[in-house]
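# Secondary and tertiary structure notes
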There are 2 protein chains.
Amino acid sequence: MAARRLILSQFLPYRLSITMQAVSEGLATRYSHEFGITVPEWRVISALGEHQEMTARDIAAHARMNKTMVSRAVATLLERNILLRRENSGDRREAFLRLARRGDDIYAAIVPMALDYERKLLRDLPKAEIAALDRALTVLLHRADEEARAINDKINGDAE
Amino acid sequence: MAARRLILSQFLPYRLSITMQAVSEGLATRYSHEFGITVPEWRVISALGEHQEMTARDIAAHARMNKTMVSRAVATLLERNILLRRENSGDRREAFLRLARRGDDIYAAIVPMALDYERKLLRDLPKAEIAALDRALTVLLHRADEEARAINDKINGDAE
DNA sequence: CGAAATTAGTTTCATATGCAACTGATTTTG
DNA sequence: CAAAATCAGTTGCATATGAAACTAATTTCG
């Protein structure tokens, strides 16, 4: 546990952070400019584009958003007629959400834009390196979740 | 430019975003809990730990922060006697910042914690995959910066 | 030299975010 | 069955954030 030097530009959490920031901004600028959609809103739209009909809770789980964020994004999108909402008559706490006509159009317009952007980013990485990146991100997310759980347990006194 | 399906869980910008979020949180929880330091404050401290003495402007450039963020983090850290500030008598707009005694202590305590965390995250990735991840992040950041510039130029009408 | 432009850094303001408290509905359990 | 606990989703509140306006200092240039 020797205190080696820490060089910010080589430190993984820092690099991940600035890279994701740049990547995310580059894409968000496009669709926000063209469709007035925020990042959380895009997440909701893409979740529903992928799964047709979900509750807010499902969306939160699928897109790793907290329920406040989902609630607000959904409210705005309903307001703008981008989503449709159908109450679950079997459990009136929840409601099924899906893309309205306008939502379909927006989704259909953003998807190629997003995939094109992704392609550009990865353009000159060899296939093998892209595969390695994929694996690495999977492992990192998994480990980070584990570590987060560990540290929270320690802070909260473990026995809950 | 065919509108292939977009699967959120496989879409690079999304994966980067959630991974960095988990990674960043896992580390930030530790030092915020132990030292009451925020992420921007840690960035400033680590920049100064690495480079001894810098102006706010240098810090912003080195740690990819905007000047508002630096200004606020520095103000808090000065307040808490974690930094020292020495006005540049040759150019009184700027000031040189460096870690105070307390800042050194905090830095010395966080660095091993941060490196340990990084080690844990990368624990079961083979050396070759880590190297591939490094290269990939470098390329991605570079491409994303390029794309951001391109899109901004397009939006602002290019000829500035 | 002196006006205009530029720069470092701060502050204002409008927006984004998340936790925690809340509402209304459903489920659990004594 | 009724009280307590849980759950889906919303809202209030306090904090975080960044763009743009601002201040004070320096540089540029007519």
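Our structure is the block above this text.
The present account deals with the structure reproduced in this document. Just so it is clear, the model here is predicted, and its values are computed rather than measured. (Residues numbered from 1 in each chain as written. Chains lettered and ligands numbered in written order. Predicted model: local features only at pLDDT ≥ 70, side-chain atom pairs only at ≥ 80, totals over all residues. Heavy atoms only, no water.)

### Focus: the packing of helix α2 (residues 39-51) of chain A against helix α3 (residues 56-63) of chain A
Residue and element names in this part refer to chain A. Here is the rule: For every element, the axis is a line fit to its C-alpha atoms; helices are fit only across the contacting stretch, and the angle between N-to-C directions ranges from 0 to 180 degrees. Under the scheme used here, helices are H or I runs from DSSP no shorter than 4 residues and strands are E runs no shorter than 2 residues, and both carry numbers assigned from the N terminus. An angle counts as roughly parallel when it lies under 35 degrees, as roughly antiparallel when it exceeds 145, as roughly perpendicular when it falls between 65 and 115, and as oblique in every other case. In this description, contact between two residues means that some pair of their heavy atoms is separated by no more than 4.5 Å. Amino acid classes used here: Ala, Val, Leu, Ile, Met, Phe, Trp, Tyr, Cys and Pro are nonpolar; Asp, Glu, Lys and Arg are charged; the rest, including Gly, are polar.
Two elements in contact, α2 and α3, have axes separated by 10 Å at closest approach and are oriented at 100°. On the basis of their axis angle, the class for α2 and α3 is roughly perpendicular. Residues R43, V44, A47, L48, E50 and H51 of α2 form the contact with α3, whose participating residues are I59, H62 and A63. Class assignment of the residues belonging to the contact of α2 with α3 gives a composition of five nonpolar, two polar and two charged.

### Considering the interface of chain A and chain B
The following threshold applies: A side-chain nitrogen of Lys or Arg and a carboxyl oxygen of Asp or Glu constitute a salt bridge if their distance falls within 4 Å. Counting of polar contacts relies on pairs of N or O atoms within 3.5 Å, with two restrictions inside protein: one atom must be capable of donating a hydrogen and the other of accepting it, and residues adjacent in sequence are counted only when both atoms are side-chain atoms.
Contacts between the two partners involve 65 residues from chain A and, on the opposite side, 65 residues from chain B. Between the two partners, chain A and chain B, sit eight salt bridges. The tally of links between chain A and chain B comes to 18 residue pairs in polar contact (both at pLDDT 80 or more). Elements with a minimum of two residues in the side of chain A that touches chain B: α1 (12-35), α2, α3, α5 (101-122) and α6 (127-156) of chain A. A per-element tally of the side of chain A that touches chain B places α6(A) first, with 18 residues. Looking at the side of chain A that touches chain B, its residues break down into 36 nonpolar, ten polar and 19 charged.

### As for helix α3 (residues 56-63) of chain B
Here is the rule: Throughout, exposure labels follow a simple rule: accessible area from a 1.4 Å probe, protein chains only, divided by the maximum for the residue type, with under 20% read as buried, over 50% as exposed, and the rest as partly exposed. Taken from the helix axis, the directions to the C-beta atoms give the arc we talk about.
When we look at burial in α3(B), the residues that qualify are I59(B), A60(B) and A63(B). All buried residues of α3(B) project into a common sector of 100° when viewed along the axis, lining one side. Turned more than 90 degrees from where α3(B) packs its buried face, R57(B) and A61(B) sit exposed. Those residues of α3(B) that are buried are in contact with α1 of chain A together with α2 (39-51), α4 (67-79) and β2 (95-99) of chain B. One or two steps after α3(B), the chain reaches R64(B), where phi turns positive at roughly 55°.

### Overview of the environment of A136(B)
Within the element layout of this structure, A136(B) appears in helix α6 (residues 127-156). Take A136(B): its relative accessible area is 0%, and that puts it in the buried class. Those residues in contact with A136(B) that lie beyond four places of it in its chain are L125(A) and L133(A).

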